[in-house]
Amino acid sequence: MAKQRNTFDQDEYLDQAFDFNQLKRIIGYITPYKGTVLKALLVVMVSTMGNLVTPLFFKVVIDDYIPQKDIRSIIQISIAFLIIVIISAICQKYRIRYMSRVGQDVIRDLRRDLFTHIQRLPFTFFDSRPHGKILVRVVNYINTISQLLTDSLISIIVDMFSFVVAVALMFMLSWRLTAVIMVFVPICTAGIFYVKNKQRKSMQEVSAKQSNMNAYIHESISGMKVTQSFTREEVNLQVFDELMNDYRDKWMTSRRYMGLVFPIVKNASVISQCAMLLVGLTVLRDQVTPGVIVAILGYMGNFWMPLLNLSEFYNQLVSASAYLERIFETMDIEPEIQDKEGATELKVPQGGISFDHIEFGYEEGQVILDDFDLQIQPGERIALVGPTGAGKTTVVNLISRFYDVRKGAVRIDGQDVKEVTLASLRSQMGVMMQDTFIFSGTIMDNLRYGKLDATDDEVIAAAKAVRAHEFIIEMEDGYESEVNERGSRLSTGQRQLISFARALLMDPKILILDEATSSIDTQTEVIIQESLEKLLKGRTSIVIAHRLSTIKNSDRILVINNKGIEEVGSHEELIETEGHYFDLYNAQKKFLETAI
């Protein structure tokens, strides 16, 4: 059996070196919460200072109180030590509370900004990427950096402070013993940096494989009906196994690199302690007291733990960098379609539309429309017919400015669509596509989607106008009936009726129907035809339909073919010319007669 080629094993690698500007950008998200961060820093500093005093307690007890058998002082210093432990525990509680709050607030802000930006991106962005790879950036990647924001950033500040103070106190106690320990610092640092580049690259590979797997899962779930219809379960499972195995292999490789950092630091810590004890108990045994050695051993925790935490922070930073790259890469994509500087609100239009010598193609070198010229009068009903791929849907997409033209201009009542704001432009458009999308929620929510302030009476009136009211009230909760994601509880025709009512509820000046009745049976089509006549009256409407019976009453019918308008006229006029439209009409008529 031939192996199917798929796009899910095409990794999205970002091979540039780690950019610390990414860290600056994420810190920028923390700035609004600097008050809470300062509180967390304060309580952690209090806890850290208590920990730094503890080894000095041990020195005094060993060198002074024990030889003098000063039980009273030992009890007093023990009580002081207990108080420090309690204060430290309380401080840790508030540290976790403060930083968890900041971390989750930052995650919320970052995810909101990313989602907001994605909503501004043009259709071309979604056309060229599996939706699962977009989804994983909004959910998984941002979740991955949560730990970095929740605890690690504040910890590294405190650890560096602890390290500096611990080194200063160790030098004060015995610079010779401290120098022995410091010899191992550059060795440890060199070991950490030895693995950093491979570790980062491995996390990039993990990120890419995770993205591939999520993209395939998303598409598989969306197309489950097709999968089961063609009994593709085993083949899909094989593809999924390959993607999972790739992800597992890259994950295990990254774990091996990450696992090298802790042993490097831990071994350097143990060896340095052994070397310090050896020197202290032999070479310097007459120059240092037992209390000094114990105190320095105590400070070694404050010495090596910050280095270990620093390495772990670097671990997290390196891991998160691969995800930050992709998050900020998406946020840095400049929307091709956006409000021009100085764009004005579209004046309440009459509905006149003009295409002034348009040239357009979706890809470089591709031409869908060439020198396309068309004037549509306010209130005129226009129908577009023609072969698949001729550019019918392209025409209506250019009106709503889902894409920008290469040459020429599209104007609404004389106003170039590039010169007005997108919100004001699209708010005047009522669009019903062939691919109807129903959101999870109630039927009322879906009908009110484009006009949130619509009253219940207005919603019901729109549903009645398109004959959707009858099937809605037969459902268990009527208009408050819950519908599943993508409207899986509804038939294709019912979904289109709801979408139709949703568009009409907006009361737009321009109504666009792109194969809007393709999934409505002939009987239902006849029933709503009268309502459509009333609703289309006074609006500029553009209807795309392969079913020619739905467009016979149009003011003008345009045959789109060969990158432009091949024929134009009323139904009767086009029949008389016996051109492309005449052939289409006769072919459909013959098909219907045969079917009957």
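Above this text you will find the structure in question.
Residues numbered from 1 in each chain as written. Predicted model: local features only at pLDDT ≥ 70, side-chain atom pairs only at ≥ 80, totals over all residues. Heavy atoms only, no water.

This part takes up the overall build of the protein chain. Of the regular secondary structure elements, the protein chain holds 20 helices and 12 strands. Sorting the 596 residues of the protein chain into buried and exposed places 47% on the buried side. For the protein chain, the exposed area adds up to about 30,700 Å²; of that, 57% sits on carbon and sulfur atoms. (Helix = DSSP H or I, 4+ residues; strand = E, 2+ residues; numbered from the N terminus. Buried < 20%, exposed > 50% of the residue type's maximum accessible area, 1.4 Å probe, protein only. Areas by Shrake-Rupley, 256 points an atom, 1.4 Å probe, with all protein chains shown as cover.)

This brings us to a nonpolar patch on the surface. A cluster of nonpolar side chains, namely Leu42, Val46, Ile71, Ile75, Ile79, Ile83 and Ile87, defines an oily patch on the protein surface of about 640 Å² accessible area. Broken down by secondary-structure element, the contributors of at least two residues to the nonpolar patch are helix H2 (34-68) and helix H3 (71-120). Looking at the nonpolar patch, the element that brings in the most residues is H3, giving 5 residues. Accessibility expressed as a relative area gives 47% for Ile79, which makes it partly exposed. (Patch = residues over 30% accessible without salt bridge, like charges linked within 9 Å, V, L, I, M, F, W, Y side chains within 5 Å. Salt bridge = Lys/Arg side-chain N within 4 Å of Asp/Glu carboxyl O.)

Another point: the packing of aromatic side chains. Scanning all chains against the criterion turns up 8 aromatic pairs. Ring geometry for Phe360 versus Tyr362: centroids 4.9 Å apart, planes at 85°, classification edge-to-face. For Tyr362, a relative accessible area of 33% gives the class partly exposed. Three or more aromatic residues link up through ring pairs in this structure, and these residues are Phe360, Tyr362 and Tyr403. (Phe/Tyr/Trp six-rings, centres within 6.5 Å; stacked < 30°, edge-to-face > 60°.)

Turning to the sheet that holds strand S6 (residues 429-432), a few remarks are in order. With mixed pairing, the 6 strands of this open sheet are ordered in space as S6-S9-S10-S3-S11-S12. Each edge of the open sheet is held by one strand with a lone partner, namely S6 and strand S12 (564-569). When strand polarity is set aside, the average angle formed by the axes of neighbouring strands in this sheet is 20°. Note: strand S3 (residues 381-385) against strand S11 (residues 556-561), 4 bridges, orientation parallel. Along S11, the bridge assignment pairs Ile382 with Arg556. The sheet strands contacting helix H12 (residues 392-399) are S3, S6, strand S9 (510-514), strand S10 (540-544) and S11, and the helix crosses S10 at an angle near 150°. (Pairing = 2+ DSSP bridges. Axes fitted to C-alpha atoms, helices over the stretch in contact; angles between N-to-C directions. Contact = heavy atoms within 4.5 Å.)

This part covers the pattern of salt bridges. With the rule as written, the count across this model stands at 15 salt bridges. With its nearest N and O atoms 2.6 Å apart, the salt bridge here joins Arg556 to Glu380. Of this pair, Arg556 sits in strand S11 while Glu380 sits in the loop between strand S2 (369-376) and S3, and the two are 176 residues apart along the sequence. Look at Glu380 and you get buried, because its relative accessible area is 11%. Here Arg401 ties to Asp404 by a salt bridge, and the two come within 2.8 Å at their closest N and O atoms. A relative accessible area of 22% means that Asp404 is categorised as partly exposed. Connected through salt bridges with shared partners, the residues Asp105, Arg108, Asp109, Arg112 and Asp113 form a single ionic network.

Take the sheet that holds strand S4 (residues 407-412) next. Taken in spatial order, the 4 strands line up as S2-S1-S4-S5 in an open sheet, and their pairing is antiparallel. Each edge of the open sheet carries a strand with a single partner, namely S2 and strand S5 (415-416). On the sheet, H12 packs against strand S1 (353-360), S2 and S4 and is oriented at approximately 115° with respect to S1.

Among the surface-exposed residues, Lys39, Lys93, Arg97 and Arg101 lie close enough to one another that they form a single positively charged patch. Here the positive patch takes 3 residues from H3, the largest share from any one element. Relative to the assigned elements, Lys39 resides in helix H2. For Lys39, a relative accessible area of 48% corresponds to the partly exposed category. (Lys, Arg positive; Asp, Glu negative; His and termini not counted. Charge placed at Lys NZ, Arg CZ, Asp CG, Glu CD.)

So yeah, pure geometry; function would need other evidence.
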